[in-house]
Amino acid sequence: MTVQFVKQPALILAAGQPVKEIREYFGLANTGTGELSIARMNSPAGWSEPGQTPEFNEYSVVLQGTLHLRLRGRELKVSAGQAVMVSAGEWVQYHTPDGAEYIAVCMPAFSPGTVRRDE
């Protein structure tokens, strides 16, 4: 068995405005882990990113605030203590009108080449 200790996460500035900080613990940016990524998101009030149709499943657990998701034909609000999973191939746009902090797990790992953002 192999043990991998992560001393600190990699800081990544997310797409969208205003700037959202991502602290990736496991994933391609920090550990070269391709099977999944685990990151803590600190999303300020008013943050919104372009829509996307990713090639990975994304699991989000909201720690504080509310994470808003725009999906085809509806919007979903995920509050602190709740979680949501968006399957690969589903169009989604994440935003945080009032700010949120959450953990995101992507399987396989998030990568700029597989997020497939709207242009």
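Above this text sits the structure in question.
Residues numbered from 1 in each chain as written. Predicted model: local features only at pLDDT ≥ 70, side-chain atom pairs only at ≥ 80, totals over all residues. Heavy atoms only, no water.

Right, let's talk about the overall build of the protein chain for a bit. Of the regular secondary structure elements, the protein chain holds zero helices and nine strands. Here the C-alpha radius of gyration of the protein chain, 14 Å, is about what a compact globule of 119 residues would show, namely 14 Å. With respect to the three principal axes, the spread of C-alpha positions in the protein chain is 45 × 25 × 25 Å. In the protein chain, which comprises 119 residues, the share counted as buried stands at 37%. (Helix = DSSP H or I, 4+ residues; strand = E, 2+ residues; numbered from the N terminus. Rg over C-alpha atoms; globule rule 2.2 N^0.38 Å. Buried < 20%, exposed > 50% of the residue type's maximum accessible area, 1.4 Å probe, protein only.)

Once that is clear, we can look at the pairing of strand 7 (residues 83-86). Moving residue by residue along a regular strand, the side chains alternate between the two faces of the sheet. Burial of strand 7 is one-sided: the residues V84 and V86 facing one way are buried, the residues A83 and M85 facing the other way are not. In terms of strand pairing, strand 5 (residues 57-71) meets strand 7 through four bridges, oriented antiparallel. By the bridge assignment, V61 is partnered in strand 7 with A83. (Pairing = 2+ DSSP bridges.)

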